[in-house]
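# Fold and geometry: a report
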Amino acid sequence: QYLYLLFNRERPLASAAIQSDIETLQFYIESFVLTPAYFLDARLDIISPNFLARKLITGTAADVKVLNLARVVFLDKEARNRYGTWREKAEDTAAMLRFAIALFPQDPYLFDLHAELYERSDLFRMLWNQHRVLEKTNGYRPLFHPDGTMLETSYETFTLNQNPSLRLVVYFPKDAATRERLSALQQ
């Protein structure tokens, strides 16, 4: 799909705006009470992360509506303390940004994001020059509990029918201990 996008001359001019109501998305995502969940758009913006996603993935307890995943991974020094496989997460995020830019080659937001990361992160610069491409799907992604212990999780990505550029990302516990610890964090 990536190669098709590179050679197809009839590409979209800009990434699709979020067509869903943010408040509705927030209500929906907060219904995931036992697992981290958030929406991710084509620009790698995390939209309406639920409480557990804010606590374990974005690193903010504040009720944020939009936060960019690439900025979290590459520019937030604490991100290394949230992802059990942070280096792999960084590799995937750089590859996802390359795919996003191929999807929306004339989106100034994506090019500004790329320029910011390229300037401010040595690791991003190195990973970008590997030319890896990835579309977010699913996989094993352990997270660190705030006490520093590992939470065994995997994630699945679901595309929304009404807005294919918006995906639901849900982290699932891989064992009973992780399930119990996620539940305890919610209280």
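To start, this report covers the structure provided alongside it.

Quick notes on the rules
Along every chain, residues carry numbers that run from 1 in the direction the sequence is written. Whole-chain, interface and lining totals are the exception, using all residues; otherwise, since this is a predicted model, local features are given only for residues with pLDDT of at least 70 and side-chain atom pairs are given and counted only at 80 or more. No hydrogens and no water enter the side-chain calculation; it runs on all heavy atoms of the structure. Only the six-membered ring of Trp is used, alongside the rings of Phe and Tyr, when aromatic pairs are assigned; centres must lie within 6.5 Å, and planes under 30 degrees apart are stacked while those over 60 apart are edge-to-face, with the rest tilted. The helix and strand labels rest on DSSP assignments: H or I over at least four residues marks a helix, E over at least two residues marks a strand, and numbering proceeds from the N terminus. Three exposure classes are used, based on accessible area relative to the maximum for each residue type with a 1.4 Å probe and protein chains only: buried under 20%, partly exposed in between, and exposed over 50%. The rule is short: NZ of Lys or CZ of Arg within 6 Å of the ring centre and within 35 degrees of the ring normal puts a charge over the ring. Distance and chemistry together define a polar contact, namely a pair of N or O atoms within 3.5 Å, with one atom able to donate a hydrogen and the other to accept it when in protein, and with adjacent residues in sequence counting only for side-chain atoms on both sides. It only takes one pair of heavy atoms within 4.5 Å for two residues to be counted as in contact. A pair of strands counts as paired when DSSP detects no fewer than two bridges linking them. The angle between two axes is taken between their N-to-C directions and runs from 0 to 180 degrees, where each axis is a line fitted to C-alpha atoms and a helix contributes only its stretch in contact.

### Quick notes on the packing of aromatic side chains
Following the criterion strictly, the structure yields six aromatic pairs and no others. When the ring of Tyr28 is compared with that of Phe32, the centres are 5.7 Å apart and the planes differ by 80°; the resulting orientation is edge-to-face. Relative to Tyr171, the ring of Tyr38 lies with its centre 6.5 Å away and its plane at 40°, an arrangement referred to as tilted. Of the two residues, Tyr38 sits in strand 1 (residues 37–40) while Tyr171 sits in strand 8 (residues 163–173), which places them 133 residues apart along the sequence. An identical accessibility class is assigned to Tyr38 and Tyr171; each is buried. Taken together, Tyr28, Phe32 and Phe39 form an aromatic cluster joined through their ring pairs. Sitting over the face of the ring of Trp128, Arg98 holds its NZ or CZ atom 3.9 Å from the ring centroid. Across the ring face of Tyr155, the terminal group of Lys136 is positioned such that the distance to the ring centre comes to 4.1 Å.

### A short note on the side chain of Asn68
When you line up the elements, Asn68 lands in strand 3 (residues 66–68). Polar side-chain contacts of Asn68 include one of 3.1 Å to the backbone oxygen of Arg43. One polar contact links the side chain of Asn68 to the main-chain amide nitrogen of Arg71, over a distance of 3.1 Å. With near-sequence residues (within four places) excluded, Asn68 lies in contact with Arg43, Leu44, Asp45, Ile46, Tyr109 and Leu113.

### Quick word on the sheet that holds strand 7 (residues 153–160)
Strand order in this open sheet of six strands is 3-2-1-8-7-4, and the pairing throughout is antiparallel. Each having just a single partner strand, strand 3 and strand 4 (138–140) make up the two edges of the open sheet. Across this sheet, the average inter-strand angle for adjacent strands is 25°, counted without regard to direction. Here strand 4 pairs with strand 7 via three bridges, running antiparallel. Directly across from Gly139, in strand 7, lies its bridge partner Tyr155.

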